[in-house]
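# Breakdown of the fold
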Amino acid sequence: MDLGVNIDHVATLRNARGGVEPSVLDAALICEMAGAKAVTVHLREDRRHIKDNDVLELKKHLACNINLEMAATDEMQKIATSLCPYSCCIVPEKRLELTTEGGLDVIQNKEKIEKLIKALHLKNIIVSLFIDPDLEQIKTASEIGADYIELHTGSFSNAFGTDNQDIEFNKLKNGAKFAQELGLKVNAGHGLNYENVYLMNEIEGLCELNIGHSIISRSIFVGLEMAVKEMMELI
């Protein structure tokens, strides 16, 4: 199982002062050096953290995979097909949310997302859909040609240590198994941290975990390289 490091909150800290520090590119290079298989960035509609030029610089300088999280909009399609990152993860996006609140509704947006997948595939971009471990959503993701799904682990992470932990964890296990039976590859992420991530090892066939906030938070105390290495040991 590989690790993808989401570095959005390096940009959040930079933007708090409107300057150039800390460098998003330097952070990505450290993650790469520490052994991360991918660097993930979410280019949001409101550009609250990652900016267009950040993605350009990452594309120019990184050897590891770049995973671009993006909403299913014409603007993001144009940017993605121009930059051609290794992969794109299609996510839901609400302007007022602090962070992504749930999985993509593939069923309700089937035609739109299918069209976007086809456009990205024409540029040889691997496409993942960020969805809840709902079997109907997973089935629809398979029907419209997604390469991967990324299981939204937020509900599990919120339930960790409570009576609902096993219920939410079993949803992830069942969702991953069903997706693989349909021929989909499976990633996971959202809310995973140094306390709960070990359980992901019990889900057979997971390809990659995308983790951001916890690693960036940990890096304040131990440095980014060590924070990445510690997470890699756990997974």
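Here, the structure is the one placed above.
Here we summarise the structure given alongside this text. Fair warning: this is a prediction, and the values are worked out from it, not measured in the lab.

Now for the overall build of the chain. Across its full length, the chain holds 10 helices and eight strands. For the chain, the C-alpha radius of gyration of 17 Å lies close to 18 Å, the compact-globule estimate for 235 residues. Seen through its principal axes, the chain has C-alpha atoms that stretch 45 × 40 × 35 Å. Looking at the chain as a whole, 50% of its 235 residues qualify as buried. Long-range pairs, those at least 24 residues apart, make up 66% of the contacts in the chain with a sequence separation of at least 6. Element-wise, carbon and sulfur atoms account for 49% of the exposed surface of the chain, whose accessible area totals about 11400 Å².

The next subject is the sheet that holds strand β8 (residues 206-211). Overall, parallel pairing links the eight strands, which are arranged β1-β2-β3-β4-β5-β6-β7-β8 in a closed barrel. Across the sheet, the axes of successive neighbouring strands diverge by a mean angle of 25 degrees, strand direction being ignored. By the bridge criterion, four bridges tie strand β1 (residues 2-6) to β8 in an arrangement that is parallel. Bridged to Val5 within β8 is Ile211.

Glancing now at the packing of aromatic side chains. Per the counting criterion, the structure on display carries two aromatic pairs. With a centroid separation of 6.1 Å and 70 degrees between ring planes, the pair formed by Phe156 and Phe160 is classed as edge-to-face. When the ring of Phe156 is compared with that of Phe169, the centres are 5.7 Å apart and the planes differ by 45 degrees; the resulting orientation is tilted. Of the two residues, Phe156 is situated in helix α7 (residues 154-159) and Phe169 in helix α8 (residues 165-181); the sequence distance between them amounts to 13 residues. The same class applies to Phe156 as to Phe169, namely buried. The structure contains a cluster of three or more aromatic residues connected by ring pairs, namely Phe156, Phe160 and Phe169.

To continue, consider helix α4 (residues 74-83). In an α-helix, one full turn covers 3.6 residues, which means residues spaced three or four apart are oriented alike. The complete set of buried residues in α4 reads Met76, Ile79, Ala80, Thr81 and Leu83. Looking at the buried residues of α4, the elements they touch are α3 (52-61), β3 (65-70), β4 (87-90) and α5 (110-121). The first or second residue beyond α4 is Cys84, which carries a positive phi of 55 degrees.

Turning to its location among the elements, Ser219 is positioned in helix α9 (residues 213-222). Relative accessible area serves as the criterion here: at 16%, Ser219 is assigned to the buried category. Engagement of the side chain of Ser219 in a polar contact is seen with the backbone oxygen of Ile216, the distance being 2.6 Å. If we ignore the near neighbours within four places in the chain, the residues touching Ser219 are Leu224 and Ala227.

With that out of the way, let us pick up the pairing of β3. Where burial is concerned, most of β3 is hidden: six out of the six residues are buried. Side chains of β3 alternate between two faces, with Asn65, Asn67 and Glu69 and Ile66, Leu68 and Met70 buried alike. Judged from the five bridges that link them, strand β2 (residues 38-42) and β3 form a sheet pairing that is parallel. Bridge pairing links Ala38 to Asn65 in β3.

Calculation rules
Residues numbered from 1 in each chain as written. Predicted model: local features only at pLDDT ≥ 70, side-chain atom pairs only at ≥ 80, totals over all residues. Heavy atoms only, no water. Helix = DSSP H or I, 4+ residues; strand = E, 2+ residues; numbered from the N terminus. Rg over C-alpha atoms; globule rule 2.2 N^0.38 Å. Buried < 20%, exposed > 50% of the residue type's maximum accessible area, 1.4 Å probe, protein only. Contact = heavy atoms within 4.5 Å. Areas by Shrake-Rupley, 256 points an atom, 1.4 Å probe, with all protein chains shown as cover. Pairing = 2+ DSSP bridges. Axes fitted to C-alpha atoms, helices over the stretch in contact; angles between N-to-C directions. Phe/Tyr/Trp six-rings, centres within 6.5 Å; stacked < 30°, edge-to-face > 60°. Polar contact = N/O pair within 3.5 Å; in protein donor to acceptor, adjacent residues only side chain to side chain.

Shape is all these values report; function is a separate question.
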